[in-house]
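Each chain is listed here by its residues.
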Amino acid sequence: LTRQAARPDETWRSLNELGILYARSRSPGDALRLFEESEQRALDGGNRLGATKALYNRAVLLDRQHRLDEAQELFARARALSDSLGLRALSLPLWIGQASILREKGRLLDALRLYRKILRYEGDRSTGDEVVARNNMGELYLLLGDPRKARRHVILAHRAARAIHDRFRVGLTLRLLGLI
């Protein structure tokens, strides 16, 4: 139905949402195809924001499949689109995605630099972004052999997670505190 509507300005959104559902239902190949089509429909309709969201979702899915080089390239493309729109707040999830890939590739110091950049960001930043960045920094410092810094960042992540009543992230921070 979405494709028959022939409205690229709205079709991308439905395809993107359908891609998310397919990704959750363990149909990654179908999800990737839907995200690609969503991106193209958004671009055809002049909607760079929609294209950015589709690129982001594709990058996240590729990251989960450990297709790191492809995911990294898509995160970079999505970030370039986001920056071209002046939507710096969208950059934060993209930076978190890029930092995650750097971490998985063993580029721990580069990942730390990117997480620090997220924490220095002065625009709109959700507390959830701070929790993820600080908790991941805690993991990195632990891997780098600095448990004092690891503990400090995880405690700050834990406080932020509690402040927004995010039980999942509270659990993640407690797990890491237990490891430290």
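Residues numbered from 1 in each chain as written. Predicted model: local features only at pLDDT ≥ 70, side-chain atom pairs only at ≥ 80, totals over all residues. Heavy atoms only, no water.

Novice: I tried to follow the overall build of the protein on my own but got confused; where do I start?
Specialist: Within the protein, the regular secondary structure consists of nine helices and zero strands. For 180 residues, the compact-globule formula gives about 16 Å, and the C-alpha radius of gyration of the protein, at 18 Å, lands near that figure. With respect to the principal axes defined by its C-alpha atoms, the protein has extents near 55 × 35 × 30 Å. Residues counted as buried form 42% of the 180 residues belonging to the protein. Long-range contacts, defined as pairs at least 24 residues apart, comprise 50% of the intrachain contacts of the protein with a sequence gap of at least 6. When the accessible surface of the protein is summed, it comes to about 9800 Å², and 50% of that surface belongs to carbon and sulfur atoms. (Helix = DSSP H or I, 4+ residues; strand = E, 2+ residues; numbered from the N terminus. Rg over C-alpha atoms; globule rule 2.2 N^0.38 Å. Buried < 20%, exposed > 50% of the residue type's maximum accessible area, 1.4 Å probe, protein only. Contact = heavy atoms within 4.5 Å. Areas by Shrake-Rupley, 256 points an atom, 1.4 Å probe, with all protein chains shown as cover.)

Novice: Looking at this model, I keep getting lost on unusual backbone geometry. Mind explaining?
Specialist: Residues apart from glycine generally show negative phi values, whereas peptide bonds are mostly found in trans. With phi around 65 degrees, Arg 26 is a residue other than glycine that occupies positive phi space. Tracing the sequence through the fold places Arg 26 in the loop between helix H1 (8–24) and helix H2 (28–44). The phi dihedral of His 165 falls on the positive side, at around 55 degrees, and the residue is not glycine. As for its position among the elements, His 165 is in the loop between helix H8 (147–163) and helix H9 (167–179).

Novice: Mind showing me how you'd approach the layout of surface pockets here?
Specialist: The gaps of empty space that remain are located by a probe, the size of a water molecule, rolled over the atoms. Here the largest pocket defines a volume of roughly 780 Å³. At the level of elements, H1, helix H3 (48–64), helix H5 (88–104), helix H7 (127–143) and H9 are the ones that each hand at least two residues to the lining of the largest pocket. The residue inventory of the lining of the largest pocket, partitioned by class, reads 14 nonpolar, six polar and seven charged. (1 Å grid on protein atoms, 1.4 Å probe; cavity = no way out; pocket = protein on both sides within 12 Å on 5 of 7 lines; lining within 4 Å. Points joined across faces, edges and corners; volume = space filled by probe spheres on them. Nonpolar A, V, L, I, M, F, W, Y, C, P; charged D, E, K, R; others polar.)

Novice: So what exactly am I meant to see when it comes to the packing of helix H6 (residues 108–120) against H7 here?
Specialist: Angle between the axes and distance between the axes: these two values describe a pair of packed helices. Orientation of H6 relative to H7, taken along the N-to-C sense of each, is 150 degrees, at an axis distance of 10 Å. Taken together, the axes of H6 and H7 are roughly antiparallel relative to one another. Two packed elements cross with a definite hand, and for H6 against H7 that hand is left-handed. For the pair formed by H6 and H7, the contact residues are Leu 108, Ala 111, Leu 112, Tyr 115, Arg 116, Ile 118 and Leu 119 on the first element and Asp 129, Glu 130, Ala 133, Arg 134, Asn 136, Met 137, Leu 140, Tyr 141 and Leu 143 on the second. Considered class by class, the residues forming the contact of H6 with H7 number 11 nonpolar, one polar and four charged. (Axes fitted to C-alpha atoms, helices over the stretch in contact; angles between N-to-C directions. Parallel < 35°, antiparallel > 145°, perpendicular 65-115°, else oblique. Left-handed = near helix turned anticlockwise from the far one by under 90°.)

Novice: How do you make sense of the pattern of salt bridges when you look at a structure like this?
Specialist: For side chains bearing opposite charge, pairing can occur when the charged atoms are close. The tally for this structure, following the rule as stated, stands at 13 salt bridges. Among the ionic pairs, Arg 134 bridges to Glu 130, the shortest N-O distance being 3.3 Å. Pair noted here: Arg 134 and Glu 130 are both in helix H7, with a separation of four residues, about one helical turn. (Salt bridge = Lys/Arg side-chain N within 4 Å of Asp/Glu carboxyl O.)

Novice: Could you clarify how one ought to interpret the side chain of His 158 in this entry?
Specialist: With respect to the element layout, His 158 can be found in helix H8. In this structure His 158 comes out as buried when scored by relative accessible area, which is 14%. In this view, His 158 contacts Val 170, Thr 173 and Leu 174; residues no more than four positions away in its chain are not counted.

Novice: I would appreciate a short explanation of the confidence of the model for the protein in the present structure.
Specialist: In low-pLDDT regions, the fine details of the predicted coordinates are not to be read closely. With 92% of its residues at a pLDDT of 70 or more, the protein shows a mean pLDDT of 88. Averaged pLDDT values for the elements of the protein fall to 83 in H1 and rise to 95 in H8. (pLDDT = per-residue confidence, 0-100.)

Novice: Just checking my understanding: could you explain the packing of H7 against H9 for this structure?
Specialist: Contact geometry for H7 and H9: axes closest at 11 Å, N-to-C directions at 15 degrees. Taken as axis vectors, H7 and H9 run roughly parallel relative to one another. Here H7 and H9 pass one another in a crossing that is left-handed. Residue-level inspection shows Gly 128, Val 131, Val 132, Asn 135, Gly 138, Glu 139 and Leu 142 of H7 in contact with H9, the latter providing Arg 169, Leu 172, Thr 173, Arg 175, Leu 176 and Leu 179. Partitioning the contact of H7 with H9 into residue classes produces six nonpolar, four polar and three charged.

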